Amino acid sequence: MQEQYRKFRGNTEQNAFLPLSRPSITEQDIDNVVAVLRSGWITTGPKAAEFEQRFCELTGAAHAIALSSATAGMHLLLHAYGIGPGDEVITPSLTWVSMVNLVTACGATPVFVDIDRNHLMTTAAMIEPLITERTRLIVPVHFAGAPLDMSPLRALSKKYGIAVVEDAAHAVGTTYRGEPVGRHGTAIFSFHAIKNITTAEGGMFCTDDAALAARIRSLKFHGLGVDAYDRETHGRAPQAEVLEPGYKYNLADLNAVLGLGQLSRLGAINQRRTELAAQYLDELKPIDEVMPLAAPDYPHTHAWHLFVIRLDIDRAGTSRDDFMAALKIMGIGTGLHFRAVHTHKFYRERMPVPKGGLPNTEWNSDRIVSLPLFPDMGPADIRRVVTAIKSVLAGGPQ
Ligand SMILES: *Cc1c(COP(=O)(O)O)cnc(C)c1O
């Protein structure tokens, strides 16, 4: 076991399969988890509370609520806003399926908004024409570690009196115009195993709205006034009452302690990701068939959650899927972030988007590929990926 973990550090072996992603787990992380196991308190408790506190310090958020996933946070959000049949929620199609699924499952209607062709994030200008009297919520997505252009989005929210809630699953450590994502408004972060910092599964609901925070805190634990840890530490009666029917979305200390260790290393983790991304950008520059995403032109810090390229399929003479398969044969894992939600079976059949309806989403959908990017990679791994790409584009091996 020890051996296996040791191998996870430093550059990956040149002949081993290079995965798209691998969590950064230190011996200290492992010791911390073991300590919680030995402590006698493994579910939501002091570690989750400390993780929330540290996350507030990182982002400047007034309130942070640790949850079992970002998807859980989105579910609670829709519940708290009372979103249901007849309501519309505007969100992009080029994202993970969580928000669109939840909107649909609660009987409301997702309205897909297009994205910028080069940084894959939506804009206030693209959203505004889609607003109707049924629009209840707008959920744009910070993409790949770069921030949305929040100023015009906040202005739009104010103009129409419609909440904008940020999907910040990719944005732990991202800043926009000098301010961390999560400081203003409401933002939902993810700690799924692939994300910049991980608790295996987990999420954080950040908001500057005290009433919303109190509601989410209650809804995440059955709709009780207090959670199990409060009952233990504050001596509250186990007969605590349900204030409104809620869910079971709290984050266990076993997971939260992992998050605490990861958060303490966030600077180093994102710094390494940034260096690796810079090397990719440099080494991919001479390859005409490969187009990395563009960085937004407003001031920001990129968390480099993903390194996404677009394959020029006309020039390359190969489809994106064949390109991914060829890289796999060469021992390089890739990913697809994301298959556009409107192209999934259910949405294709039940709420078809006419061809050309989301032009930038469609164009990118056929061309995007995510390349391996994780903190335990080194310069030799980046070189290996670039060499494999060159070899695939030169015609072999297929
Ligand atoms: C990962 C991800 C989610 C879901 O996060 P979970 O913690 O797995 O629920 C939502 N949106 C985006 C954009 C994601 O990448």
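Asker: Can you tell me about the overall build of the protein chain, naming the residues and giving the values?
Answerer: Along its length, the protein chain carries 16 helices and 13 strands. Taken over the C-alpha trace, the protein chain has a radius of gyration of 22 Å; the compact-globule value for 398 residues is 21 Å, and the two agree within 12%. For the protein chain, the C-alpha atoms occupy an extent of roughly 70 × 55 × 40 Å along the three principal directions. The 398 residues of the protein chain split such that 54% are buried. Sequence separation of 24 or more characterises 72% of the internal contacts of the protein chain that already satisfy a separation of 6 or more. A total of about 17000 Å² of accessible surface is found on the protein chain, and carbon and sulfur atoms cover 54% of it.

Asker: I'd like a rundown of the packing of helix H2 (residues 27–39) against helix H10 (residues 253–264), residues and numbers included.
Answerer: One way to put it is that H2 packs onto H10 with a least axis distance of 9 Å and a crossing angle of 150 degrees. Taken together, H2 and H10 sit at an angle that is classed as roughly antiparallel. Classified by chirality, the crossing of H10 by H2 is right-handed. Along its contact with H2, which presents Asp29, Asn32, Val33, Val36 and Leu37, the element H10 presents Asp253, Leu254, Val257, Leu258, Gly261 and Gln262. Of the residues in the contact of H2 with H10, the class split is six nonpolar, three polar and two charged.

Asker: Lay out the domain arrangement of the protein chain with the relevant residues and their values.
Answerer: The domain architecture assigned to the protein chain consists of domain 1 (2–19 + 268–393) and domain 2 (27–264). With centres defined by C-alpha atoms, the gap from domain 1 to domain 2 works out at 26 Å. The largest contributions to the domain 1 side of the interface with domain 2 come from Tyr298, His305 and Phe338, which together make up 21% of the buried area. Taken together, the links from domain 1 to domain 2 amount to 21 residue pairs in polar contact (both at pLDDT 80 or more). For the side of domain 1 that touches domain 2, the secondary-structure elements that each account for two or more residues are helix H1 (2–7), helix H11 (266–284), strand E11 (300–301), strand E12 (307–311), helix H14 (345–350) and helix H15 (359–365). If one sorts the elements of the side of domain 1 that touches domain 2 by residue count, H15 sits on top with six residues.

Asker: Run through the packing of aromatic side chains, naming residues and quoting values.
Answerer: One pass over the full model with this rule turns up eleven aromatic pairs. Geometrically, the ring pair formed by Tyr247 and Tyr249 is stacked, given 5.7 Å between the ring centres and 5 degrees between the ring planes. Over the aromatic face of Trp363 sits the side chain of Arg117, whose NZ or CZ is 3.8 Å from the ring centroid.

Asker: Any chance you could break down the pattern of salt bridges for me, citing the residues and the numbers?
Answerer: Opposite charge on two side chains allows them to pair when their charged atoms are near. Taken as a whole and assessed by the stated rule, the structure comprises 13 salt bridges. Between Asp321 and Arg320 there is a salt bridge, with its nearest N and O atoms 2.8 Å apart. A relative accessible area of 9% places Arg320 in the buried class. By sharing partners, the salt bridges in this structure join Glu50, Arg54 and Glu57 into a single network.

Asker: So what about the pairing of strand E5 (residues 163–167)? Which residues, and what values?
Answerer: Of all five residues making up E5, five are buried, and the element is well covered by its neighbours. Alternating residues of E5 divide into Ala163, Val165 and Asp167 and Val164 and Glu166, and every residue in both groups is buried. As judged from the two bridges shared by strand E4 (residues 135–138) and E5, these two strands associate in the parallel manner. Looking across to E5, one finds that Ile138 is bridged to Val164. Handedness of the E4-helix H7 (residues 150–160)-E5 crossover: right-handed. In the sheet, E5 pairs with strand E8 (residues 186–190) via three bridges, with the strands oriented parallel. Bridging from a neighbouring strand, Asp167 pairs with Ile188 of E8.

Calculation rules
Residues numbered from 1 in each chain as written. Predicted model: local features only at pLDDT ≥ 70, side-chain atom pairs only at ≥ 80, totals over all residues. Heavy atoms only, no water. Helix = DSSP H or I, 4+ residues; strand = E, 2+ residues; numbered from the N terminus. Rg over C-alpha atoms; globule rule 2.2 N^0.38 Å. Buried < 20%, exposed > 50% of the residue type's maximum accessible area, 1.4 Å probe, protein only. Contact = heavy atoms within 4.5 Å. Areas by Shrake-Rupley, 256 points an atom, 1.4 Å probe, with all protein chains shown as cover. Axes fitted to C-alpha atoms, helices over the stretch in contact; angles between N-to-C directions. Parallel < 35°, antiparallel > 145°, perpendicular 65-115°, else oblique. Left-handed = near helix turned anticlockwise from the far one by under 90°. Nonpolar A, V, L, I, M, F, W, Y, C, P; charged D, E, K, R; others polar. Domains from an automatic or database assignment. Buried area = accessible area lost by both parts, 1.4 Å probe. Polar contact = N/O pair within 3.5 Å; in protein donor to acceptor, adjacent residues only side chain to side chain. Phe/Tyr/Trp six-rings, centres within 6.5 Å; stacked < 30°, edge-to-face > 60°. Lys NZ or Arg CZ within 6 Å of the ring centre and 35° of its normal. Salt bridge = Lys/Arg side-chain N within 4 Å of Asp/Glu carboxyl O. Pairing = 2+ DSSP bridges. Right-handed = clockwise from strand over helix to strand, strands pointing away.

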